[in-house]
Structures are given as structure tokens and as C-alpha cells.
Amino acid sequence: MAEKIQCLIIGSGPAGYTAAIYAARADLKPVVYEGLQPGGQLTITTEIDNFPGYPEGINGTEMMEDLKKQAQRFGTDVRMGMITTVDFSQRPFKIIADGKHEILADAVIIATGASARWLGIESEAKFNGAGVSACATCDGFFYRGKEVAIVGGGDTAAEEATYLSKLCSKVTMIIRRDELRASKAMQQKVFDTPNIEVLWNHVTKEIVGDQTVNGVIVENVKTGETKRVNISGFFVAIGHKPNTDLFKGQLDMDENNYLITAPNSTKTNIEGVFAAGDVQDHIFRQAITAAGSGCMAAIETERFLSNVSQTH
Ligand code: NDP
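Cut-offs and rules
- By convention here, each chain's residues receive numbers from 1 onward along its written sequence.
- The model is predicted, so local features are restricted to residues of pLDDT at least 70 and side-chain atom pairs to those at 80 or more, both for listing and for counting; the totals for chains, interfaces and linings are taken over all residues.
- Just so you know, side-chain values use all the structure's heavy atoms and leave hydrogens and water out.
- Strands are runs of DSSP state E lasting at least 2 residues, helices are runs of H or I lasting at least 4, and numbering of each runs from the N terminus.
- Only protein chains enter the accessibility calculation, which uses a 1.4 Å probe. A residue is then buried if its area is under 20% of the maximum for its type, exposed if over 50%, and partly exposed in between.
- By the counting scheme adopted, Arg and Lys are positive, Glu and Asp are negative, and His together with the chain ends is not counted.
- A carboxyl oxygen of Asp or Glu within 4 Å of a side-chain nitrogen of Lys or Arg is what we treat as a salt bridge.
- Here a polar contact means two N or O atoms within 3.5 Å. Within protein one must be a hydrogen donor candidate and the other an acceptor candidate, and residues neighboring in sequence count only if both atoms are side-chain atoms.
- We call a residue near a molecule or strand as soon as one heavy atom of that residue lies within 4 Å of the molecule or strand.
- Each residue gets one label: Ala, Val, Leu, Ile, Met, Phe, Trp, Tyr, Cys and Pro are nonpolar, Asp, Glu, Lys and Arg are charged, and the others, such as Gly, are polar.
- Between the first and last residue of a helix there are one fewer steps than residues, each counted as 1.5 Å, and that sum is the expected span.
- DSSP bridges decide pairing: two strands pair if at least two such bridges lie between them.

Peer 1: Tell me about the side chain of Asp 278, and name the residues and values.
Peer 2: Looking at the element boundaries, Asp 278 is found in the loop between strand E19 (273-275) and helix H7 (287-311). Buried and unpaired, Asp 278 has no salt bridge, with Arg 285 as the nearest side chain of opposite charge at 5.3 Å. A distance of 3.2 Å separates polar atoms of two side chains, one belonging to Asp 278 and the other to Gln 41.

Right, here's the structure in full:
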């Protein structure tokens, strides 16, 4: 027989656990399915220095453990496992976990996050967390006064390069074509910043170093020439992929497959299904903003469930 759940939360990053804390305190008896990467993207970053409440900074994995414990303290049922199928066509929603466990959920909060896209070269994985990062806002601070490189030519890369230029002595942007994809305004900011150098028509061949990164080998795709650029940090900003495959055809998404939520709300196009965190936010993508929207989702879920119970 299918298990009945009032509030199902899919995902265990800051959005999922904050939603769980609020939902548990509102007595919605939330169940969290942790997903493929328990704790989410923060567990693959290093130190987190910009989450309020940790004056000395905190390790990402520890912070997520704290959030999990806080959610459990109020009775959240946290489960290892994946949601593998959803059917939002009727309420209660029909959900399948791990390919076999049937769930009937009155409300669902989607907090499945997004994953950074990586170049996919071996040395990138080798130095991940030791000089390679996919988040300048998180890790730029560690490279104050040093030279860094960033790959990608979209708005994110342009914004992050500008951000890094204020902290670092020099930023080299590695661009695979002869133009940036970023908006004209962002491009202009890049071109107006004296310590950003753009390497047009270049691709990354290898990131090199000992314990940590000390250089990158790039290749000019027009001439085939390679050269070494000395750097201490290598940032990848070639886009993110929201984890929304499961919801295709059921929930409204934008052209990049991020879930669309109503303005100032976490409501999706299906009543009773809410979305919080990076899965619906391609702009801010911070732990604190994800946590904030997780809180919103739980409050909106509570209101939704109390309206539903009043009408029955
Ligand atoms: P984008 O998809 O817009 O850009 C990705 C960039 O990475 C492109 O320049 C692309 O090159 C490059 N790239 C992709 N794969 C590789 C690779 N393997 N090697 C080298 N370069 C690669 O992603 P963004 O994260 O920048 O932006 C996502 C969305 O969010 C966009 O719609 C953007 O406008 C929006 N955004 C808006 C902001 C704002 O309004 N303030 C801030 C940040 C993002 P190529 O161009 O050659 O394909």
C-alpha cells in the first residue's frame, strides 16, 4: 500500500533542510529524500564564510550536517534515497521513491538544486577544492592578491571575472570563441576592467600544480599553439544544469530548464507543488537565498494544506 505523506521535500541542500525545519515546526511531518548528493552542492565546496551565523566560517559538509540535525530535532524524517517518478496530474500526488516505494503526497517541495557544469578534464577533478572551483563568490576570497583564470564567456563568467578582479591581482578569461555570450553591458564591464585579460579562441588543455594549482595550459584553437599561464586559482563558469529532468512535461520551465515560480512566491504551475533554491534560481544561487526560499516554500505549503483541509 502507498505511504501517505503530508509534505514531501525532494532534495537536501539549504533549501530542502530549511523547508524541513519550518514544515516540521508547523507539524506538517515532512519527509526529506536526500537524493544523489546528500547535503547538496555545499558539500563539495571548501570553507563557507558568507553564511550568517558562523563568524569563523564553516566547512560545507559540517554546515549541512548542522542543518540536517536541526530539521531532525523537530521530527523531520530524513531518508537516503531518490525520488524516481512523479505524477502531479492529480492530488494526492503519486510519487515513487527508489523505483519501488509508492508515496501519496498532499504537497511537494522541490529543492533538487542545480549542478555546475564542468569541463570534464582529468586535472579539473584532481584539483577540485585545491585551486579549482565553480563558484567565485564562494571561493574568490582565498585568492586575494593572486592571479587566477576563469573559463566561460556567459553572464556568470563575466560577473564572476569582474568580482574576482576586485580581489585578485589579475584575472585571465579563457574564451573558446572570438566573442563573449554575456550581455553587452556585462561585456563592457569586462573590457573596462584593466586587470582582466581575455584570451580569445583558447581552450583549457590541462590544469597543473603540485598540492594546489599553479598554472594552466591553454591552446589557441586557431593556431594550435599552447602556452602556460601562471595562476593560483582556476574558476569554471560554463553554466549550471538545474536538476529538473524528473519534472519535464509536468512543471513549467524556462528555456534553460529552471522551474518557473510565481513572482515573490515558490508556487509552480501545479497547485500544491512548490520549488525552492537553485532549481528555480539561476541568478543568485547562494546558500542563504536558497535557505530563504526554502522557508517561503514551507510557509506556502502550510497555507496550502490548511486551505485544502478547510475545504474538505
Ligand atoms: P551560459 O550558458 O550563458 O554561458 C556559458 C558560457 O560557457 C558560454 O560562454 C560558453 O561558450 C561557455 N562554455 C560552455 N561550455 C564550455 C566548454 N566546455 N569550454 C569552454 N567554454 C564553455 O551560462 P551562464 O551561467 O553564464 O548563464 C546562464 C543563464 O543565466 C543565462 O541566461 C544568463 O544570461 C543568466 N545570468 C544572468 C545574470 C544576470 O542577469 N545578472 C547573471 C548570471 C547569469 P559559448 O558562448 O562558446 O557557447
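Moving on, there is more to tell.
Peer 1: Help me get a handle on the site of the ligand, residues and values and all.
Peer 2: Around the ligand, 15 residues are found, and the nearest of them are Gly 153, Asp 155, Thr 156, Arg 177 and Arg 181. Here an oxygen atom of the ligand sits 3.2 Å away from a polar atom, N or O, in the main chain of Gly 154. The contact in question runs from an oxygen atom of the ligand to an N or O atom on the side chain of Arg 177, over 2.7 Å. Counting residues per element, the shell around the ligand draws most heavily on helix H5 (residues 155-167), which supplies three residues. Here the shell around the ligand is built from residues that sort into three nonpolar, seven polar and five charged.

Peer 1: Got a sec to walk through helix H1 (residues 14-25)? Specific residues and values, please.
Peer 2: Each turn of an α-helix holds 3.6 residues, which means side chains three or four residues apart point in the same direction. An ideal rise of 1.5 Å per residue puts 16 Å on twelve residues; H1 measures up with 17 Å between its terminal C-alpha atoms. The element H1 is extensively covered by neighbouring structure, given that ten of its twelve residues are classed as buried. Listed as buried for H1 are Pro 14, Ala 15, Gly 16, Tyr 17, Thr 18, Ala 19, Ala 20, Ile 21, Ala 23 and Ala 24. The positive-phi residue at the C-terminal boundary of H1 is Asp 27, with phi of around 65°.

Peer 1: Explain the pairing of strand E15 (residues 213-220) to me, and be specific about the residues and the numbers.
Peer 2: The side chains of a regular strand alternate, first on one face of the sheet and then on the other. Relative to E15, strand E14 (residues 202-209) runs antiparallel, the two sharing seven bridges. Each bridged residue has a counterpart across the sheet, and for Thr 204 the counterpart in E15 is Val 218. Taking the residues that link successive antiparallel strands as the turn, the E14-E15 hairpin has three residues. Note that E15 and strand E16 (residues 226-230) share five bridges and pair antiparallel.

Peer 1: Outline unusual backbone geometry, supporting the account with residue identities and numerical values.
Peer 2: That bond from Arg 91 to Pro 92 is cis: its omega, -10°, falls within 30 degrees of zero. Mapping Pro 92 onto the fold places it in the loop between strand E6 (83-87) and strand E7 (93-97). The residue Asp 27 is not glycine, and still its phi comes out positive at about 65°. Tracing the chain through its elements places Asp 27 in the loop between H1 and strand E2 (31-33).

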